[in-house]
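Letter by letter, the chains look like this.
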Amino acid sequence: MKVSSFKSAPSQRSWRPLFISASVLAILASSNAGAQQAPGDSDMLEEIVVTARQRSENLQDTPFSMVAVTGDKLQAQNVVSTMDLDNKVPGLVLRPDNTRPQPFIGIRGVGDISRNPGIDNRTGMYLDGAPLGRSSSINYPIFDIESVEVLRGPQGTLFGNNSLTGVIAIQSQKPGFQDSSRTTVSTGERNLFAGSGYVNKAVTDDLAVRLTAAGRSQDGYYKNAYDGSTAGGGTNYAGRLQVRYVPTSDTTIDFSADGVRAKDEILLGVGKFSTGPMAGMADYTFNTNVRPFRDRTIWGLGLNVEQTLPEDFVLTSISSYRRSRDSFNYDGDGSPSSLINVGFRYADWALSQELRIASPKNPLYDYVVGAFYYHQNPSEVQTVRFGSDYPVVPVRGAIIGGTGVVATDQTALFAHGTLRPAEWLALDAGLRYQRTTKSADKVQDNTAILLGYPAMKAHFGLSDPTLNPMASVTVKPTSDISVYALYSTGDRAGGFNMDVVKTLSGVTFDAESVVNYEAGLKTELFNRRLRLNLAAYRQRFKDFQQAQNIIDPNPPAGTLPTVINVITNAARVRSQGIEADFDASLLPGLRLSGGVGLNHAYFRSFPNGGGPGVDYTGSPLVEAPRFQASLALDYRHQVTEDFDGRISLTATNRSKVYSQPGSTVAPFNDGRYLQDGYTSVGMRLALERRDDGLELALWVRNLTDERHADGASPVAAGYLFKGLNEPRTVGVDLTLRL
């Protein structure tokens, strides 16, 4: 069976030389600019300060691969949610929850979805130093943000056992002691209406408040032939209240409360079907008697305290409480017939507390020691309803359901230090001890017997202690060049499959671990007009936890095939590759930045990955592109005495990926789970009046109207579908700053 693809010209391979050539030209142009202009010119690259090692430092001093994106650059690239970061940082993959049960997040070819309450994230996402939560919270609006830091590779020493592949750290804008405000309204195609803004107020000399809000509503781009409804759109609102209290010069207290409310018309089970009664549907068209939807609520409270102690030691406390609810419903047969209707309801609450002490930084050494506690309590209710058209009469009207509740506690002690025996040499070492305990209660209803699933009521528990060391050596032959070698580790605790399962033995799975070997070069060249960072890595995973949706090979006679979620441990996985990031100042006001990533992530050993006798060894991991690249061109220029203009162009490229493991192994090597590679181009043109901060901007998403599969999966009835990406969208922003 051949599955149709949705590539548009030019081909993906023809774009790749363009990305690589542009990167080389940026280097050459920066060298020419540095040669012609005197030191101290205003177009030198600014220093980027990050907090990746729990203290403020220059990006170029961190001995691992990372990228920091400022709030200004996020706006120029029209980033309005974390999903828009996909591919903008090579190695980072964030796939939307439109065509998936929840968002996929991964770094360096390794990622997952923690929809199932019994499995944890591999990539940590943090908001102002605190864990943001599970997959249901990852699709988070980007508004009033200072920066986003992407740390590649295991961060187990400082961030714990849910950061095997890396960390995404979001830093919000903090209240300041100067009054200011900003309001932006947006409109665009498909009845887009959006708005965002903030008000910052200095209440007293030591108390400041910042209130931020954002909202967005847009119609969908898929049309339902059944009733004329749409899918792919939605409405969301978000807000954040922050209070900063500085009673003395040694004490800073930050309180925050944030929330998100979102209702989306999802594309799960909607799209180009390759099997089943709806095979051959036209692009952006579907025909179902059930309208797919998602309803999410996320909110949290945070309290961060920073106290300078005698001799300039700094004590930091980060406290957080977060809750989320996520429910979705979709047509399990993808047709107008009343066959199968699938629904999930999730709830999660989490409490975290971190305490750490950082030594004063001196030329010889510095260190951080701390303790961390985390409790989370995710749960799910899963229901499958069988309609009046189901072929087996006794099953019609039946509801098969299951519930799962997991309680997780993590306690940890960690330490990290840097020794500088010479001005050109830095030695880093760190260690984290963590214990994770889990208990779970699982119920499968008696009605599950109708489809060959056992009724079940069981309790499970585990305790996993882990020890994560790291070490690195950094050599600086000059003040602008550093070379490092890194060894780092990470762990993820075992868990339990809380979905409906066929056997009791299919519930539990073991812990996984990773070891990372990395070497890198960080440079600032041509009088700091070019920042070029390179890294090469090899990551080895042991007992890799693999979740996959498989079509039940042995359904009861006369019933439709059904999809079940299976979680097993693959023996070994390897991820290896090269990353390059650059930022170049070509001319006054003209910047070119971006990066290229080459990665090979595959199962090194998974002999029965597809069942007895079906060997997945050598098969690529899911959502793991071999090639990723991004380019961002930004040009600012004074147009008149009163107006400044700004042009921003962004292009990203990604090679083909597969949405299920074993997609290159018979009988799945027919392209059913293939998502073709693509190039996406965005543009923003802005005109700002200098005296009052009034700005008018025209923006375009998917400028070339590229079409590609944005998700590929079987639905509950076992039919295979591919959902398409969002078509070209044009809009306008009007911003007023005071």
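The structure we're discussing is the one just above.
Residues numbered from 1 in each chain as written. Predicted model: local features only at pLDDT ≥ 70, side-chain atom pairs only at ≥ 80, totals over all residues. Heavy atoms only, no water.

Q: Could you clarify how one ought to interpret the packing of aromatic side chains in this entry?
A: Aromatic ring pairs are described here by two measures, namely the spacing of the ring centres and the angle between the planes. Under the counting rule described, the total for this entry stands at 22 aromatic pairs. For the pair Phe328 and Tyr346, a centre-to-centre distance of 6.3 Å together with 25 degrees between the ring planes defines the contact as stacked. Within this pair, whereas Phe328 is found in strand S21 (residues 314-331), its partner Tyr346 is found in strand S22 (residues 340-358), the two being separated by 18 residues in sequence. As far as the burial class goes, Phe328 and Tyr346 line up, both buried. Aromatic pair Phe344 and Tyr346: ring centres 5.8 Å apart, planes at 0 degrees, arrangement stacked. When its relative accessible area of 8% is taken as the criterion, Phe344 is described as buried. Three or more aromatic residues joined by ring pairs make a cluster, and in this case those are Phe541, Phe544, Phe603, Phe606 and Tyr616. Stacked on the ring of Tyr198, the Lys or Arg Arg210 has its end atom at 3.9 Å from the ring centre. (Phe/Tyr/Trp six-rings, centres within 6.5 Å; stacked < 30°, edge-to-face > 60°. Helix = DSSP H or I, 4+ residues; strand = E, 2+ residues; numbered from the N terminus. Buried < 20%, exposed > 50% of the residue type's maximum accessible area, 1.4 Å probe, protein only. Lys NZ or Arg CZ within 6 Å of the ring centre and 35° of its normal.)

Q: How should I be thinking about the side chain of Asp428 in this particular structure?
A: Position of Asp428 relative to the elements: it lies in strand S26 (residues 425-444). Reaching out from Asp428, the side chain makes a polar contact with the side chain of His416 at a distance of 3.4 Å. Within polar-contact distance, the side chain of Asp428 engages the side chain of Thr418 at 2.6 Å. Dropping the residues within four chain positions of it, Asp428 is found in contact with Arg53, Pro63, His416, Gly417, Thr418, Met470, Ala471 and Ser472. (Polar contact = N/O pair within 3.5 Å; in protein donor to acceptor, adjacent residues only side chain to side chain. Contact = heavy atoms within 4.5 Å.)

Q: How should I be thinking about the pairing of strand S40 (residues 695-701) in this particular structure?
A: Sheet faces and side chains relate simply in a regular strand, where the side chains alternate between the two faces. Burial analysis of S40 places five of its seven residues in the buried class, the great majority of the element. Here strand S39 (residues 678-689) runs beside S40; their pairing, made up of six bridges, is antiparallel. By the bridge assignment, Leu685 is partnered in S40 with Leu698. As consecutive antiparallel partners, S39 and S40 are separated by five residues, and within that stretch Gly693 has a phi angle of approximately 75 degrees, a positive value. Here S40 runs beside strand S43 (residues 729-737); their pairing, made up of seven bridges, is antiparallel. Residue Ala697 lies in a different strand from S43, and its bridge partner there is Asp733. (Pairing = 2+ DSSP bridges.)

Q: What's the story with the sheet that holds strand S14 (residues 222-224) in this structure? I'm lost.
A: The strands that make up a sheet are held in pairs by hydrogen bonds between backbone atoms, and each pair lies either parallel or antiparallel. Ordered by their spatial adjacency, three strands build an open sheet running S15-S14-S19, and the pairing between neighbours is mixed. Unpaired on one side and paired on the other, strand S15 (230-231) and strand S19 (285-286) mark the two borders of the sheet. Bridging between S14 and S19 involves two bridges; their strand directions are parallel. Pairing of Asn224 across the sheet is with Phe286, part of S19.

Q: How do you make sense of the environment of Glu311 when you look at a structure like this?
A: Along the chain, Glu311 falls in the loop between strand S20 (293-308) and S21. Once the C-alpha coordinates of Glu311 and Ser359 are considered, the two residues, 48 residues apart in sequence, prove to be 8.8 Å apart.

Q: How should the sheet that holds strand S5 (residues 104-107) be read in this particular structure?
A: With respect to topology, three strands assemble into an open sheet ordered S4-S5-S6, the strand pairing being antiparallel. Unpaired on one side and paired on the other, strand S4 (92-95) and strand S6 (110-112) mark the two borders of the sheet. Mean inter-strand twist for the sheet, computed between neighbouring axes without regard to direction, equals 10 degrees. Strand direction decides the pairing type here: S5 and S6, joined by three bridges, are antiparallel. Among the inter-strand pairings, Gly106 is bridged to a residue of S6, identified as Gly111. (Axes fitted to C-alpha atoms, helices over the stretch in contact; angles between N-to-C directions.)

Q: What's the story with the pairing of strand S13 (residues 207-218) in this structure? I'm lost.
A: Two strands pair when backbone bridges link them, and strand S12 (residues 192-202) and S13 are joined in this way by 10 bridges, in the antiparallel orientation. Looking at S13, one finds that Val199 is bridged to Leu211. Counted between consecutive antiparallel strands, the loop separating S12 from S13 contains four residues. Pairing of S13 with strand S16 (residues 234-248), which is carried by 12 bridges, proceeds in the antiparallel orientation. Looking at S16, one finds that Arg216 is bridged to Asn236.

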